[in-house]
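The lines below spell out each chain.
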Amino acid sequence: MYVSMSINGNDISQYGLIALEGTIAALIKPNTYKDLQKNENSSMQGTMIFATPSLRRVKQRDITLPFLFRSESLYDMQRALNALQEDLVQGQTDGVNEVYVPALGTRFFVIFNNISAFSHFGDLRNGMAKISIKFTEPNPNNRIYE
């Protein structure tokens, strides 16, 4: 199934990327919450919670998105990977990237960490690889829903 998405307003196909299975699941995974402030004093029974559990705050989260990366040759692959990485480091504004998935109607604001996995396959004449791009979403509540 083809997943339409864009990074910083550019369709991922412009980068030679095709979203693989697990991309959508990584984006819509439920948020985790920060630990509640508590006191586990040995002079009292149980634990004293200092915050209202319903007012917990969301943690930042790391997102790893798997992609198929295609190019005409290994030479083109190296150039395209360098260009992709440079675009992700620069981001849309001040290093923050906007990942938009029309099927979800959601814009995610993420910071590029690295290309955490890279595996070239095929022969030495083609530029096919599976890559995983790791991002940090500093505030999962800072999304735009359409």
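Refer to the structure presented above.
Residues numbered from 1 in each chain as written. Predicted model: local features only at pLDDT ≥ 70, side-chain atom pairs only at ≥ 80, totals over all residues. Heavy atoms only, no water.

S.K.: I would appreciate a short explanation of the overall build of the chain in the present structure.
M.R.: Counting its secondary structure elements, the chain contains 2 helices and 10 strands. Along the first, second and third principal axes, the C-alpha set of the chain runs to 70 × 35 × 30 Å. Within the span of the chain, comprising 146 residues, buried residues form 34% of the whole. If you take every contact in the chain between residues at least 6 apart in sequence, the share linking residues at least 24 apart comes to 64%. Summing over all exposed atoms, the chain offers an accessible surface of approximately 9100 Å²; the carbon and sulfur share of this is 49%. In the chain, 14 side chains carry a positive charge and 14 a negative one; their mean positions are 8 Å apart. (Helix = DSSP H or I, 4+ residues; strand = E, 2+ residues; numbered from the N terminus. Buried < 20%, exposed > 50% of the residue type's maximum accessible area, 1.4 Å probe, protein only. Contact = heavy atoms within 4.5 Å. Areas by Shrake-Rupley, 256 points an atom, 1.4 Å probe, with all protein chains shown as cover. Lys, Arg positive; Asp, Glu negative; His and termini not counted. Charge placed at Lys NZ, Arg CZ, Asp CG, Glu CD.)

S.K.: Can you walk me through the environment of Met48 in this structure?
M.R.: Locating Met48 in the fold gives a position in strand β5 (residues 48-49). Spatially, the C-alpha atoms of Met48 and Tyr100 are 42 Å apart, while their sequence positions differ by 52 residues.

S.K.: Any chance you could explain unusual backbone geometry here in plain terms?
M.R.: Residues other than glycine predominantly adopt negative phi, and peptide bonds predominantly adopt the trans conformation. One non-glycine residue, Asn8, lies in the positive phi region at around 55°. Counting through the fold element by element, Asn8 comes out in the loop between β1 (6-7) and β2 (10-11). The class for Asn8 is buried, based on a relative accessible area of 15%. Positive phi values are uncommon outside glycine, yet Asp94 reaches one of about 50°. Inspection of the secondary structure assignment puts Asp94 in the loop between α2 (74-90) and β7 (96-101).

S.K.: How do you make sense of the pattern of salt bridges when you look at a structure like this?
M.R.: Applying the stated rule across the entire model yields 5 salt bridges. Across the pair Glu137 and Arg61 runs a salt bridge whose closest N-O atoms are separated by 2.6 Å. Of this pair, Glu137 sits in strand β9 (residues 127-137) while Arg61 sits in strand β6 (residues 61-71), and the two are 76 residues apart along the sequence. The residues Glu137 and Arg61 share a single accessibility class, namely buried. Residue Arg143 pairs with Glu137 through a salt bridge whose shortest N-O separation is 2.8 Å. Across the pair, exposure class does not vary: Arg143 and Glu137 are buried alike. Salt bridges here are not isolated pairs; linked through shared partners, they connect Arg61, Glu137 and Arg143. (Salt bridge = Lys/Arg side-chain N within 4 Å of Asp/Glu carboxyl O.)

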